[in-house]
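Chain by chain, the residues:
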Amino acid sequence: MLCRELIYGFEQIAPKKLAESWDNVGLLVGREDQEVHKIMLALDPSEQVIDQCIKEGVDLLVTHHPLIFSPMKQINFNDVAGRKVIKLIQNRIGCYAMHTNFDVAVMAKEAAKKLELSNPRVLDVTYEESFCKLVVYVPVESVDAVRTALCKEDAGHIGNYSGCTFGAQGIGSFKPLEGTNPYLGELNKMTYANEVRLETIVRPEKLDATIQAVLRAHPYEEVAYDVFELENKGNAQGIGCYGYLKRDMLLEELAGLVKTAFKLEHVKVAGNLGKRVANVAVVPGSGKSFLKQALKVKADVLITGDIDHHTAIDAMEAGLAIIDAGHFGTEHQFVDLMRGYINEYLYKADRGAVGVANDIEVLKAKEESPLKVL
């Protein structure tokens, strides 16, 4: 199947709009029209991983961390990043990154599941859904057709409910002038029609497509409609989450739970091992910049990676314990999560819009943390 068909599926899992403004996600190397038969999943687009792709005849490498992050001023074999790009291009291997968009959509929620946190909430909100209200005036006999057109464009989707509309009946008036071909009425005569004020909620990015669908379904030559920007927001999403453990426990016991949940041999702990903890914040990856957010939600402990000496001291003095499970340790779940999503969402025959064939092989790269504990 084509790379663009896979990309469509990936963006249902982690839409690019969820990525931070400073990030670089999506297809970073390759062609959308390339046929893909073999995918490799990895946390990092390391040279070792790329060499595995070449050896295995992979068509598309899907990683969490982006291959190209900072602007590249040269692409040659003397530069590590340039060498990796050249290898990918020479071997016709695409490279697709799902970074902070995957963090927001998936990563912290799955970490919360591993720790069995109850009622997990977003730690740092980075994206909130916004909405418009679309109001269109429709002759009574055409309401069902226009409503169907709205819903096909995903209008009226609120939380876990779809097809949400409201209609109020009234009398519309208009006078067809010269050069018109009215659906109702006669030229130069005032016409009164039984109409329904049909309204629904629309995401701004879908507004243009929704209006065009309405115009195609509506019987009038000139369609009267209004668009209102709404103040109310939809689901809040962001980096990290926090929630309560099933039972409070000693910090030392929680450290053991983290090792089990993330399949780690070692973690680093800052804080009193005998302290009882219940409210837990978790930020997979590098989380030292989230101390203020963790303290704001009154977390007892922050589970993350890449904590340095001074950050650990600052946290302890503020009353916040830290469990550093490592950047690799907290994010390598990306590989298994994506393999599961590909199997669940892209292989199903009933996902006709994705159009995925069943002849795609998904490989896991052999990789390990670059940091060793001796």
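As the structure is a computational prediction, the values presented were derived from the model and not from experiment.

1. Things to note about the packing of helix α2 (residues 47-56) against helix α3 (residues 80-90)
- Relative orientation of the contacting elements α2 and α3 amounts to 10°, with a least axis distance of 10 Å. What the angle tells us is that α2 and α3 run roughly parallel. On α3, the residues touching Glu 47, Ile 50, Asp 51 and Ile 54 of α2 are Arg 83, Lys 84, Lys 87 and Leu 88.
- Taken together, the residues of the contact of α2 with α3 break down into 3 nonpolar, no polar and 5 charged.

2. Things to note about the sheet that holds strand β8 (residues 191-202)
- Strand order in the open sheet made by the 4 strands is β7-β8-β6-β9, with antiparallel pairing throughout. Each edge of the open sheet carries a strand with a single partner, namely β7 (165-174) and β9 (225-229). Strand-to-strand twist of the sheet, defined as the mean angle between neighbouring strand axes without regard to direction, takes the value 25°.
- Relative to β8, β7 is paired through 10 bridges, and the arrangement is antiparallel. Following the sheet pairing, Ser 173 is matched in β8 by Tyr 192.
- The strands that helix α5 (residues 143-152) touches are β6 (132-139), β7 and β8; relative to β8, the one it contacts most, it runs at about 20°.
- Against the sheet, helix α6 (residues 207-217) engages β6, β8 and β9, with an angle of about 5° to β6.

3. Considerations on the pattern of salt bridges
- Under the defined criterion, the tally for this structure stands at 21 salt bridges.
- Salt-bridge contacts for Arg 147 lead to Asp 144; the nearest nitrogen and oxygen are separated by 3.3 Å. A residue pair is termed a helical-turn pair when its members lie 3 or 4 positions apart in one helix, as Arg 147 and Asp 144 do in helix α5 at 3 residues.
- For Asp 308, the salt bridge identified is with Lys 288, shortest N-O distance 3.1 Å.

4. Focus on unusual backbone geometry
- Positive phi values are uncommon outside glycine, yet Arg 92 reaches one of about 55°.
- Checked against the element boundaries, Arg 92 lands in the loop between α3 and β4 (94-97).
- Its relative accessible area of 56% is what places Arg 92 among the exposed residues.
- With phi around 60°, Asp 306 is a residue other than glycine that occupies positive phi space.
- Checked against the element boundaries, Asp 306 lands in the loop between β13 (301-305) and α9 (309-317).

5. Side note on the packing of aromatic side chains
- Applying the stated criterion across every chain, the model contains 5 aromatic pairs.
- Ring centres of Tyr 183 and Tyr 220 lie 6.0 Å apart, and the angle between their planes is 50°; this geometry places the pair in the tilted category. Of this pair, Tyr 183 sits in the loop between β7 and β8 while Tyr 220 sits in the loop between α6 and β9; the two residues are 37 residues apart in sequence, bridging distant segments of the chain.
- Among the residues examined, Tyr 183 registers a relative accessible area of 39% and is labelled partly exposed.
- One aromatic cluster in this structure is built from Phe 174, Tyr 183 and Tyr 220.

6. Details of α5
- Residues of α5 that are buried include every one of Val 143, Val 146, Ala 149 and Leu 150, and no others. The arc enclosing the buried residues of α5, seen along the axis, measures out at 130°, which places them on a common side. Of the exposed residues in α5, those oriented more than 90 degrees away from the buried face are Asp 144 and Lys 152.
- Where α5 is buried, its residues contact β6, β8 and α6.
- Two residues or fewer past α5, Asp 154 is found with a positive phi of approximately 70°.

7. Here's the deal with the environment of Gln 169
- Mapping Gln 169 onto the fold places it in strand β7.
- For the pair Gln 169 and Thr 148, spaced 21 residues apart in sequence, the C-alpha to C-alpha distance is 18 Å.

8. Focus on the confidence of the model for the chain
- For the chain, the mean per-residue pLDDT works out to 93, and 96% of the residues sit at or above 70.
- When the criterion is pLDDT under 50, residues 349-357 qualifies, and its contacts beyond four places in sequence or with other chains add up to 13 contacts.

9. So, the sheet that holds strand β5 (residues 118-128)
- One open sheet accounts for 6 strands, arranged β5-β10-β12-β13-β14-β11; its pairing is mixed. Only two strands of the sheet have a single partner each, and these edge strands are β5 and β11 (268-270). Along the sheet, successive strands turn relative to each other by an average axial angle of 25°, direction set aside.
- Here β11 runs beside strand β14 (residues 321-324); their pairing, made up of 3 bridges, is antiparallel. Residue pairing across strands places Lys 268 opposite Asp 324, the latter belonging to β14.
- Most of the contacts of helix α4 (residues 100-114) go to strand β10 (residues 236-250), to which it runs at about 15°, and overall it touches β5, β10 and β12 (276-286).
- Along the sheet, helix α7 (residues 251-261) contacts β10, β11, β12, β13 and β14; its crossing angle with β10, the most-contacted strand, is approximately 125°.

Conventions and cut-offs
- Residues numbered from 1 in each chain as written.
- Predicted model: local features only at pLDDT ≥ 70, side-chain atom pairs only at ≥ 80, totals over all residues.
- Heavy atoms only, no water.
- Axes fitted to C-alpha atoms, helices over the stretch in contact; angles between N-to-C directions.
- Helix = DSSP H or I, 4+ residues; strand = E, 2+ residues; numbered from the N terminus.
- Parallel < 35°, antiparallel > 145°, perpendicular 65-115°, else oblique.
- Contact = heavy atoms within 4.5 Å.
- Nonpolar A, V, L, I, M, F, W, Y, C, P; charged D, E, K, R; others polar.
- Pairing = 2+ DSSP bridges.
- Salt bridge = Lys/Arg side-chain N within 4 Å of Asp/Glu carboxyl O.
- Buried < 20%, exposed > 50% of the residue type's maximum accessible area, 1.4 Å probe, protein only.
- Phe/Tyr/Trp six-rings, centres within 6.5 Å; stacked < 30°, edge-to-face > 60°.
- Arc of directions from axis to C-beta.
- pLDDT = per-residue confidence, 0-100.

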